[in-house]
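Descriptive analysis of the structure
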Amino acid sequence: MTPLKDGVETYFEWFRRSDHTQVLACLTDDVVWDLPGYAHLVGKDAFDQEIENDDFVGSPTLTVDRLIEEADAVVAIGNGETTHNNGEVHRFAFCDVFTFAGAEICRVESYLVPLT
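Report on the accompanying structure. All figures in this text were calculated on a predicted structure; none of them were measured in a lab.

Re the nonpolar core
Formed by 25 residues in total, the largest nonpolar core has its most connected members in Val8, Tyr11, Phe12, Trp33, Phe47, Phe98 and Ile105. Sort the elements by how many residues they give to this core and helix H1 (residues 3–16) lands first, with 5 residues. When sequence neighbours within four positions are dropped, the list of residues in contact with Ile105 reads Tyr11, Cys26, Leu27, Thr28, Val31, Phe98, Thr99 and Phe100.

Below you can see the structure in the form of structure tokens.
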């Protein structure tokens, strides 16, 4: 596996564990997180607030089916689920595009599709 793909795998592993400190350590200070149709976030503080979303409880289940690398970007395709604070399970498919500045992630574009 390449260093950039390893970086994405590490990011997902920390995200699965809800370890905010380690997730944020993978990012540049001025990271941009675009969630089309939902939010455009800039900086580690905004990123951290979103992953600390009070609408959900526990850690997400995330399965990466495929990683595709081109130049300074890695695309991760997969699926996951998380639990709303009312107990309802939210299942989704995702396609995340990670752009790197050196060894750190400087941009994440998350395309999410709810599954029933």
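Resuming the write-up.
As for the side chain of Thr28
As for its position among the elements, Thr28 is in strand E1 (residues 27–35). On the basis of relative accessibility, which here comes to 9%, the residue Thr28 falls in the buried class. At 3.0 Å, the side chain of Thr28 and the side chain of Asp30 are in polar contact. The residues contacting Thr28, other than those within four sequence positions of it, are Lys44, Ala101, Glu104, Ile105 and Cys106.

A closer look at the pattern of salt bridges
Tallied over the entire structure, the rule returns 5 salt bridges. One salt bridge in this structure joins Glu13 and Arg16, with 3.3 Å as the shortest N-O distance. You can see Glu13 and its partner Arg16 sitting in helix H1, 3 residues apart, about one turn around the helix. The exposure class of Glu13 is partly exposed, given its relative accessible area of 30%. In this structure, Asp34 and Arg107 form a salt bridge, with 2.5 Å as the shortest nitrogen-oxygen distance. Of this pair, Asp34 sits in strand E1 while Arg107 is found in strand E6 (residues 104–115), placing the two residues 73 residues apart along the sequence. Exposure remark for Arg107: the relative accessible area of 29% places this residue in the partly exposed category. The network of salt bridges with shared partners includes Glu13, Arg16 and Arg17.

Describing the pairing of strand E2 (residues 39–42)
Sheet topology note: the E1/E2 ladder contains 4 bridges and is antiparallel. Pairing of Val32 across the sheet is with Val42, part of E2. Adjacent in sequence and paired antiparallel, E1 and E2 are bridged by 3 residues, among which Gly37 carries a positive phi angle near 85 degrees.

Criteria and cut-off values
- Residues numbered from 1 in each chain as written.
- Predicted model: local features only at pLDDT ≥ 70, side-chain atom pairs only at ≥ 80, totals over all residues.
- Heavy atoms only, no water.
- Core = buried A, V, L, I, M, F, W, Y, C linked by side-chain atoms within 4.5 Å.
- Buried < 20%, exposed > 50% of the residue type's maximum accessible area, 1.4 Å probe, protein only.
- Helix = DSSP H or I, 4+ residues; strand = E, 2+ residues; numbered from the N terminus.
- Contact = heavy atoms within 4.5 Å.
- Polar contact = N/O pair within 3.5 Å; in protein donor to acceptor, adjacent residues only side chain to side chain.
- Salt bridge = Lys/Arg side-chain N within 4 Å of Asp/Glu carboxyl O.
- Pairing = 2+ DSSP bridges.

All we've got here are geometric facts, nothing functional implied.
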